[in-house]
Amino acid sequence: VVMLHIFSLRNLALCLRTRAEDSENTDHEHERGSAIVEFLGLGVTLLLPIMYGVLTIFSVQASILGAHAASAQVAQYIQELPPETSMSQEQAQRLSALVARDFGVAESDISVSLSCSGSCSARESIRVQVQVNAHLPLIPQGLGASVIPVSSQSVTWGQAEIGSAASSAFRETP
């Protein structure tokens with residue numbers, strides 16, 4: 001004969017009451033205050049690397065944005081020059097440093113390479129390459145691994161001269 005034991009609410013309440021009394025009698029004095037030490041220990045060991053990673057990402061992102069803006073602005077400036085003027089390498093360096101300063105990039109951390117098909121005027125194809133040294137936060141600059149080089153490149157194909165025949169063709173109506 002198989003006996004089936006059915007729990008009643010009274011048996012369940014009795015079981016819970018005896019467990020509660022047993023837990024009150026155990027000695028937990030040696031464990032007092034260790035939770036805050038564990039929380040602080042884990043918090044510091046996890047929070048510091050995460051914060052350093054965030055600071056590094058911000059620093060590199062600012063350098064990337066500065067390099068991109070500098071290369072785009074130098075190329076756009078050359079395209080807007082009057083036809084008889086041209087831009088020198090030194091002027092491109094000063095202009096890119098001025099633009100990259102808005103992103104927190106120091107003038108000594110930026111270098112510009114200007115490649116032109118002729119004299120770097122508005123009607124020529126021009127390639128502007130800007131390289132920025134992104135410094136890692138909290139690492140002394142004397143160490144070799146404290147700099148990440150980032151670069152950006154902008155290319156313009158020059159302005160096409162519109163002849164009198166082409167401009168008169170647009171004015172005619174069929």
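Shown above is the structure to which this text applies.
Here is a short report on the structure shown in this document. Quick caveat, the model's predicted, so the values are computed rather than measured.

**Details of the nonpolar core**
Reasoning step 1: Of all hydrophobic cores here, the largest spans 25 residues; its most connected members are Val-74, Met-87, Ile-110, Leu-114, Val-128, Val-130 and Val-132.
Reasoning step 2: Breaking this core down by element, the ones donating at least two residues are α2 (34-79), α3 (89-101), β1 (110-116) and β2 (126-135).
Reasoning step 3: Here this core gets seven residues from one element, more than from any other, and that element is α2.
Reasoning step 4: If we ignore the near neighbours within four places in the chain, the residues touching Leu-114 are Val-74, Ile-78, Met-87, Ser-88, Gln-89, Ala-92, Cys-120, Ile-126, Arg-127 and Val-128.

**So, the sheet that holds β1**
Reasoning step 1: The antiparallel open sheet is built from three strands, whose spatial order is β1-β2-β3. Pairing within the sheet leaves two strands with one partner each, and these edge strands are β1 and β3 (147-156). In this sheet, adjacent strand axes meet at a mean angle of 15° when their direction is disregarded.

**Side note on the side chain of Ser-96**
Reasoning step 1: With respect to the element layout, Ser-96 can be found in helix α3.
Reasoning step 2: Contact partners of Ser-96, with chain neighbours within four places excluded, come to Ala-70, Val-74, Ile-110 and Val-112.

**Focus: the pattern of salt bridges**
Two side chains of opposite charge can pair, provided their charged atoms sit close to one another.
Reasoning step 1: Summed over all chains, the structure comprises one salt bridge.
Reasoning step 2: With its nearest N and O atoms 3.9 Å apart, the salt bridge here joins Arg-94 to Glu-90. Of the two residues, Arg-94 and Glu-90 are both situated in helix α3; the distance of four residues between them amounts to about one turn of the helix.
Reasoning step 3: On the basis of relative accessible area, Glu-90 is assigned to the exposed category, the value being 55%.

**A closer look at the environment of Leu-114**
Reasoning step 1: Mapping Leu-114 onto the fold places it in strand β1.
Reasoning step 2: The class of Leu-114 is buried, set by a relative accessible area of 15%.
Reasoning step 3: Residues Leu-114 and Val-74, 40 residues apart in the sequence, show an inter-C-alpha distance of 9.3 Å.

**A closer look at the environment of Val-112**
Reasoning step 1: Mapped onto the elements, Val-112 comes out in strand β1.
Reasoning step 2: In this structure, the C-alpha to C-alpha distance between Val-112 and Arg-94, residues 18 residues apart in sequence, is 9.3 Å.
Reasoning step 3: Ignoring anything within four residues of it in the chain, the contact list for Val-112 reads Gln-89, Ala-92, Gln-93, Ser-96, Val-128, Gln-129 and Val-130.

**Looking at the pairing of β2**
Reasoning step 1: Here β2 shows a clear split, with Ile-126, Val-128, Val-130, Val-132 and Ala-134 buried on one side and none of Arg-127, Gln-129, Gln-131, Asn-133 and His-135 buried on the other.
Reasoning step 2: In this sheet, β2 lies alongside β1 in antiparallel orientation, the contact comprising seven bridges. What sits directly across from Leu-114, in β2, is Val-128.
Reasoning step 3: The sheet contact formed by β2 and β3 spans 10 bridges and is antiparallel. Along β3, the bridge assignment pairs Asn-133 with Pro-149.

Cut-offs used in this document
- Residues numbered from 1 in each chain as written.
- Predicted model: local features only at pLDDT ≥ 70, side-chain atom pairs only at ≥ 80, totals over all residues.
- Heavy atoms only, no water.
- Core = buried A, V, L, I, M, F, W, Y, C linked by side-chain atoms within 4.5 Å.
- Buried < 20%, exposed > 50% of the residue type's maximum accessible area, 1.4 Å probe, protein only.
- Helix = DSSP H or I, 4+ residues; strand = E, 2+ residues; numbered from the N terminus.
- Contact = heavy atoms within 4.5 Å.
- Pairing = 2+ DSSP bridges.
- Axes fitted to C-alpha atoms, helices over the stretch in contact; angles between N-to-C directions.
- Salt bridge = Lys/Arg side-chain N within 4 Å of Asp/Glu carboxyl O.

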